[in-house]
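Letter by letter, the chains look like this.
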Amino acid sequence: MASNSNISELQQNAKERLRIISGHLQKPANREQLRVSANECKAEAADRSLEKTGTIPKRRQEVLKWNGWGYNDSKFMFNKKGQAEFTGKRYRLSGMVLPALREWFEKTFGASLEHKTPARSALNPSEVPPPILNEGFVQDLKGTAIPFSHEAEDRIFRAHGHCLHEVFALREGKFERVPDLVVWPNCHNDVQKIVELACKHNICVMPFGGGTSVSNAVECPSDEKRTILSLDTSQMNRILWIDEKNLTAHVEAGIVGQDLERLLNESGYCTGHEPDSMEFSTLGGWVATRASGMKKNIYGNIEDLVVHIRMVTPRGVIEKSCQGPRMSTGPDIYHFIMGSEGTLGVVTEVTIKIRPIPEYQKYGSVVFPNFDQGVACLREVAKQRCAPASIRLMDNEQFQFGHALKPQVSSIFTSFLDGLKKFYITKFKGFDPNQLCVATLLFEGDREKVLQHEKQVYDIAAKFGGLAAGEDNGQRGYMLTFVIAYLRDLGMDYYVIGESFETSVPWDRVLDLCSNVKERIIRECKEKGVQFPPLSTCRVTQTYDAGACVYFYFAFNYRGLGDPIHVYDQIEHAAREEILANGGSLSHHHGVGKLRKHWLQETISDVGLGMLRSVKEYVDPNNIFGNRNLL
């Protein structure tokens, strides 16, 4: 950590600046002289036993699955009648029957409800490897009064993200290297104390936010011999202040997306940053992975929203000296932090831009005769810089998939209207049901401007053969984003495994990349002995002036395969090679982690990788933050 002399110098500088600021403050009549002082961590004097108000409790197992996605009470299942339904009460789809899902599932994957592969229902703590404890560190940690645990359940919950092989292993009760300790800091100062002790005792620290990683980022290195400490930021979940003049908020980095938006909404504001994982992912995680949200067209990606970052490293605290909107002070140090994926330190606090809650919100959807026409429309919308808050284009396979998730209609009249729409599109307009694709839209802002904006986008769509398909389809498509992740658990119950991955690509390569990657997946599955046709599908999720983000889904029935995860890894590796060969990026927003670092040198050059290594060696010479992501 930083030397005492450096700390003393920083304190002297801070006092001098406070003295200058104090000189500008007038003394109000009949009141004592105003003082300006630096606040200590708000949690320091607080009772550490007080319950937090965040959605994610300290014991995540109280609300979340230990071996699957999301909440304990929410899942897709086939009921006793063989009908698909989604349980719980948390989502718009909750409690609804999905009459078309079973047929789609069986037809697409060759699956059968008779062939089931259920997951272990409960964690057996005795099967979890015993912790490797550095007793000196444990004793010093006790002296700080910062909560920690080495119970098996707490450790397992922080031993994995949500890559396929991680969840597959959990379902079978297979555990390799897991964290030895879990610690819950309450504030920035707590993190400083923990990192100082980790440096003193040579402990491996792995920051843990929402645990939604799909890049192996939170998986423990199997050959790490030191005590591995999982630093869980979930209790650092407060908005420390809101600046209504500058439209910024200073927030602790452990807050999850849904809590951040809820708390800001109470004051009339929002960030507008909505990644697919926003229910569970954290502000710190967004910064550490360079996240992107569904509404980035209006609000920007995380790098556009961040004003100030505070991060604790083994060398000390990294932060800029002011909250200015932009600086010309050499290379931006925040761009070493954003995307660092827990290799340099722990992001503890972030100042982020906020906006007033939009006055008006309207969903929409457009049906195109084929994917090519849909992509051409999105390109024109991007060229004219008139993209709505969200515009996402699904290929035909995803359209069929989305249709299978449609809940049972409540009336004959609704069913009649759906049939009428289908007749109009396929018979009257001549769209091929096996070729058409759909774009979902979300407009936000001033009502009059939204309506003007909507007309502009629909006029462009019409030039490419697009037909307006209604608000309901747009809203349903947007909301399905938050439940689709639960489907993988259903698939694994019936021998179906799958995953999603993404890339960014220039506009002139979008169509070739999409078709080539999907064809490569199908070809690789056949060559690797997969006995059933796979699902290989994509969607365009974000648009830019110079290109787009493309999201792929693929899944297959693994019955008959001796080592399905090895086969899956080979296919995904081939798909990534195909993406890179077709001009796509290594990742648009999922990050690198350990899963994709094989390609990082090729992606950023030898010199670029050397620069990252030099920063790592200076900031963390003893590899305290040893998760081995990126490098």
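It should be noted that the structure appears before, not after, this text.
Going along each chain's sequence as written, the residues are numbered from 1 onward. Local features in a predicted model are, by the rule used here, given only for residues with pLDDT of at least 70; side-chain atom pairs are given and counted only at 80 or more, and totals for whole chains, interfaces and linings are based on all residues. Values reported for side chains reflect all heavy atoms of the structure, with hydrogen atoms and water molecules removed beforehand.

Novice: What am I meant to see in the overall build of the chain here?
Specialist: Secondary structure follows DSSP: runs of H or I at least 4 residues long count as helices, runs of E at least 2 residues long count as strands, and numbering of each begins at the N terminus. Along the chain, the regular secondary structure elements total 20 helices and 21 strands. The buried label goes to any residue with under 20% of its type's maximum accessible area, the exposed label to any with over 50%, and the partly exposed label to all in between, with areas taken from a 1.4 Å probe on protein chains only. When the 631 residues of the chain are sorted by exposure, 53% land in the buried category. A contact between two residues is defined here by any heavy atoms of the two lying within 4.5 Å. Contacts in the chain between residues at least 24 apart in sequence constitute 77% of all its contacts with a sequence separation of at least 6. By element, 51% of the accessible surface of the chain is carried by carbon and sulfur atoms, the whole surface being about 29,000 Å². Per-residue and other accessible areas follow the Shrake-Rupley method at a 1.4 Å probe size, with only the shown protein chains counted as cover for residues.

Novice: It is not clear to me how the environment of Leu113 should be interpreted in this structure. Could you clarify?
Specialist: Along the polypeptide, Leu113 turns up in the loop between helix 2 (101–109) and helix 3 (135–144). The class of Leu113 is partly exposed, set by a relative accessible area of 22%. Along the chain, Leu113 and Phe78 lie 35 residues apart, while their C-alpha atoms are 8.4 Å from each other. In contact with Leu113, not counting residues within four places along its chain, are Phe78, Gly82, Arg102, Glu106 and Tyr494.

Novice: Please clarify how the side chain of Thr348 should be interpreted in this entry.
Specialist: Here Thr348 lies in strand 13 (residues 346–353). Look past the residues within four positions of Thr348 in its chain and what remains in contact with it is His188, Val191, Met236, Val251, Glu252, Ala253, Arg310, Met311 and Val312.

Novice: Sorry, what's going on with the nonpolar core here?
Specialist: Buried together is how nonpolar side chains tend to be arranged in soluble globular proteins. Working definition of a nonpolar core: buried Ala, Val, Leu, Ile, Met, Phe, Trp, Tyr and Cys residues. They are joined through side-chain atoms within 4.5 Å. Judged by nonpolar contacts, the single largest core of 52 residues is most densely connected at Phe368, Leu393, Ile497, Val510, Val540 and Phe556. Contacts of Val510, omitting those with residues within four sequence positions, involve Val375, Val505, Val540, Ala548 and Val550. Core analysis: the second largest hydrophobic core is formed by 50 residues, Ala84, Trp104, Ala404 and Leu487 among them.

Novice: Teacher, can you tell me more about the packing of aromatic side chains here?
Specialist: Describing an aromatic ring pair means giving the distance of the ring centres and the angle of the ring planes. Put simply, two rings from Phe, Tyr or Trp (the six-membered ring, in Trp's case) pair if the centres are within 6.5 Å, and we call them stacked under 30 degrees between planes, edge-to-face over 60, tilted for the rest. If you walk through the whole model with that rule in mind, you get 20 aromatic pairs. When the centroid spacing of 5.9 Å and the interplanar angle of 45° are considered together, the rings of Phe78 and Phe105 count as tilted. Pair noted here: Phe78 is in strand 1 (residues 76–78) and Phe105 is in helix 2, with a separation of 27 residues, a long-range link. The exposure class of Phe78 is buried, given its relative accessible area of 10%.

Novice: Before we go on, may I ask you to explain the packing of helix 12 (residues 371–383) against helix 18 (residues 510–527) in this structure?
Specialist: Axis separation between helix 12 and helix 18 bottoms out at 10 Å; the angle between their running directions is 140°. The hand of the helix 12/helix 18 crossing is right-handed. Contact residues: Phe371, Asp372 and Val375 in helix 12; Val510, Leu511 and Cys514 in helix 18. For this scheme, ten residues count as nonpolar: Ala, Val, Leu, Ile, Met, Phe, Trp, Tyr, Cys and Pro. Four count as charged, namely Asp, Glu, Lys and Arg, and the remainder, Gly too, count as polar. Its residues assigned to classes, the contact of helix 12 with helix 18 comprises 5 nonpolar, no polar and 1 charged. Helix axes use the C-alpha atoms of the stretch in contact, all axes being lines fitted to C-alpha atoms, and the angles between their N-to-C directions lie in the range 0 to 180 degrees. For any pair of crossing helices, the crossing counts as left-handed if the nearer helix is rotated counterclockwise from the farther one by less than a right angle, and right-handed if it is rotated clockwise.

Novice: Explain empty space enclosed by the protein here, please?
Specialist: If a probe the size of a water molecule is rolled over the atoms, the empty space left behind becomes visible. Lining residues are defined by having an atom within 4 Å of a point belonging to a cavity or pocket. Those points lie on a 1 Å grid over the protein atoms alone, cavities being sets where a 1.4 Å probe fits but cannot get out and pockets being open sets with protein on both sides within 12 Å along at least five of seven lines. Grid points are joined across faces, edges and corners, and a volume is the space filled by probe spheres set on the points. With the rule as written, the count across this model stands at 3 cavities of 30 Å³ or more. Empty space within the second largest cavity amounts to approximately 150 Å³. Of the residues that constitute the lining of the second largest cavity, the class distribution is 6 nonpolar, 7 polar and 2 charged.

Novice: What should I look at first to understand the sheet that holds strand 1 in this one?
Specialist: Whether two strands pair depends on DSSP finding at least two bridges between them. Within the open sheet, the 3 strands sit side by side as 1-2-3. Their pairing is antiparallel. Where the open sheet ends on each side, the last strands, each with one partner, are strand 1 and strand 3 (97–98). In this sheet, strand 2 (residues 84–86) lies alongside strand 1 in antiparallel orientation, the contact comprising 3 bridges. Bridge pairing links Phe76 to Phe86 in strand 2.

Novice: Got a minute to help me understand the environment of Tyr458 in this structure?
Specialist: Mapping Tyr458 onto the fold places it in helix 15 (residues 447–463). When its relative accessible area of 18% is taken as the criterion, Tyr458 is described as buried. Once the C-alpha coordinates of Tyr458 and Cys377 are considered, the two residues, 81 residues apart in sequence, prove to be 9.8 Å apart. Excluding anything up to four places from it in sequence, Tyr458 contacts Gly364, Ser365, Val366, Leu441 and Ala468. A distance of 3.4 Å separates the side chain of Tyr458 from the backbone nitrogen of Ser365, its partner in a polar contact. Under the rule applied, a polar contact is a pair of N or O atoms within 3.5 Å (in protein, one hydrogen donor and one hydrogen acceptor; residues adjacent in sequence only if both atoms are side-chain atoms).

Novice: Help me understand the pairing of strand 15 (residues 360–368), please; the structure alone is not making it clear to me.
Specialist: A large share of strand 15 lies buried, amounting to 7 of its 9 residues. When strand 15 meets strand 17 (residues 437–445), the two strands line up antiparallel, connected through 9 bridges. Looking across to strand 17, one finds that Ser365 is bridged to Thr440. Bridging between strand 15 and strand 18 (residues 467–468) involves 2 bridges; their strand directions are antiparallel.

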